[in-house]
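A structural walkthrough
This is what each chain is made of:
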Amino acid sequence: MNNNKAIERIELIQFEIPYVHFFETSFGREYKKTGILVKVLSGDLCGYGEVVAEKYPLYSYETTSTAWVVLEDFLIPLVFQSGLSEPEEFYKSAQAYLGHPMAKAGLELALWDLKAKRRDMPLYELYGSERREVLSGVSVGIQDSVSELLDRIAAFLDEGYPRIKIKIKPEWDVAICAEIRKVFPDIRLQVDANAAYTLADKEILLGLDEFGLEMVEQPFSGDNLWDHHLLQQELKTALCLDESAKSEALVRQALEIESCRIINIKVGRVGGICESKKIHDLCRQQSIPVWCGGMLETGIGRMHNIHLATLPNFTLPNDLSASRRYFAEDLIVPEVEITDRGMLTVPEGPGLGVSIREDRIREVTVQQKSYSD
Ligand code: OSB
Ligand code: MG
């Protein structure tokens, strides 16, 4: 088979899958995952990607519907018009269009999976990594009561997760950390505010210093690098940027002014693997550790994250949990599981290295469309 053959067909599949337990952040409570799968077909091979944009523009301005339109009107035509099939070429060409990183990342991921399958090698090897295991971690949403939160944390620790991240918001922050520390004084613990505070809340945020947290993630809005800098000057705990870390250029500026000491890399938020690698390399040069964030992806998006997290500067536990932490049934086999050492094993097969359950995809499909040249 000719390896340089163009893409013959692209499919978009919008899906909805209920969570096993609701997920609540400072943005609100969600009961199901909405997203888009991207399939790129060439010869007898198919590459899979996932668009992590959510139903509502809360975490990001992108939504499932904006991503669909941007893919249909601009990004898919770009692939067919230029005859490209390499993810690096796609990354360069798609930069002409502003914004919409999650839409771009979904298609770029599918092209990476295809590229690795064409070479008959696992994605992590294509990325130049050698690691066969990455650190898991679990992100625990806001609960109805402290006792429910403590029960959930205890259950996740029993399952072997090496680090717990809790979501915080005003009125669910310092007192909650104090309750957790009473019961679990020594666990690796961090908090994520999803932009719920402003500098006027500085005293509350400084109160988090007494809990030995690994980091405080994104207290202020995504556009606000300077206020993160002002807080980091007084906060002993490391700040970590998520929503703000939108590109290599912004991460470079954030590090120059010391807005944070840790970076969360999400492929969707930054617009793909090429941009993620640039951020990873920049942080590595500057001795800034990174970890892989999640968007409650299906197994397809999460396997992509697992391969990315094999890069050497992903040294902190990732927001990568077992399939059953999110869904009753995942879209892949084998499902993602954590080892007794709290790790995730990176599969050896070509591309993502797992089988895609087309039967399960059909069950969760809301809308589907096929595009060809
Ligand atoms: O801020 O990390 C976040 C989920 C949706 C939107 C934003 C975030 C999250 C998570 C999920 O924390 C972590 C995971 O996928 O396990
Ligand atoms: Mg976050």
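Here goes a summary of the coordinates provided. (Residues numbered from 1 in each chain as written. Chains lettered and ligands numbered in written order. Predicted model: local features only at pLDDT ≥ 70, side-chain atom pairs only at ≥ 80, totals over all residues. Heavy atoms only, no water.)

Here's the deal with the pattern of salt bridges
- Applying the stated criterion across every chain, the model contains 31 salt bridges.
- For Arg9, the salt bridge is made with Glu11, and the minimal N-O distance between the two is 2.4 Å.
- We classify Arg9 as partly exposed; its relative accessible area is 33%.
- Bridged by salt links that share partners, the residues Arg163, Lys165, Lys167, Asp192, Glu217 and Asp319 form one connected network. (Salt bridge = Lys/Arg side-chain N within 4 Å of Asp/Glu carboxyl O. Buried < 20%, exposed > 50% of the residue type's maximum accessible area, 1.4 Å probe, protein only.)

A few points about the side chain of Asn313
- Note that Asn313 resides in the loop between α12 (299-308) and α13 (323-326).
- Residue Asn313 is classed as buried on the basis of its relative accessible area, which comes to 9%.
- Within the structure, Asn313 has its side chain in polar contact with the backbone oxygen of Ile288 (distance 2.9 Å).
- Contact partners of Asn313, with chain neighbours within four places excluded, come to His280, Cys283, Arg284, Ile288, Pro289 and Val290. (Helix = DSSP H or I, 4+ residues; strand = E, 2+ residues; numbered from the N terminus. Polar contact = N/O pair within 3.5 Å; in protein donor to acceptor, adjacent residues only side chain to side chain. Contact = heavy atoms within 4.5 Å.)

Observations regarding the state of the cysteines
- According to the stated counting rule, one finds 0 disulfides in the structure shown.
- Of all cysteine sulfurs in the structure, the one in Cys240 sits closest to Cys260, which takes part in no disulfide; the separation is 6.8 Å.
- A relative accessible area of 1% means that Cys260 is categorised as buried.
- Considering cysteine sulfurs only, Cys240 is the nearest to Cys292, which forms no disulfide, with 12 Å between them. (Disulfide = S-S within 2.5 Å.)

Things to note about the coordination of the magnesium ion (ligand 2)
- The protein atoms that coordinate the magnesium ion (ligand 2) are Asp192 (OD), Glu217 (OE) and Asp242 (OD), at distances of 2.1 to 2.3 Å.
- As a motif over one chain, the donors of the magnesium ion (ligand 2) read D-x24-E-x24-D. Taken together, the residues span a long stretch of sequence, with Asp192 in strand β7 (residues 188-192) and Asp242 in the loop between β9 (239-241) and α9 (248-256) at a distance of 50 residues. (Donors = N, O, S within 2.8 Å, 3.2 Å for Na, K, Ca; no water.)

Function cannot be inferred from these measures alone, as they are strictly geometric.
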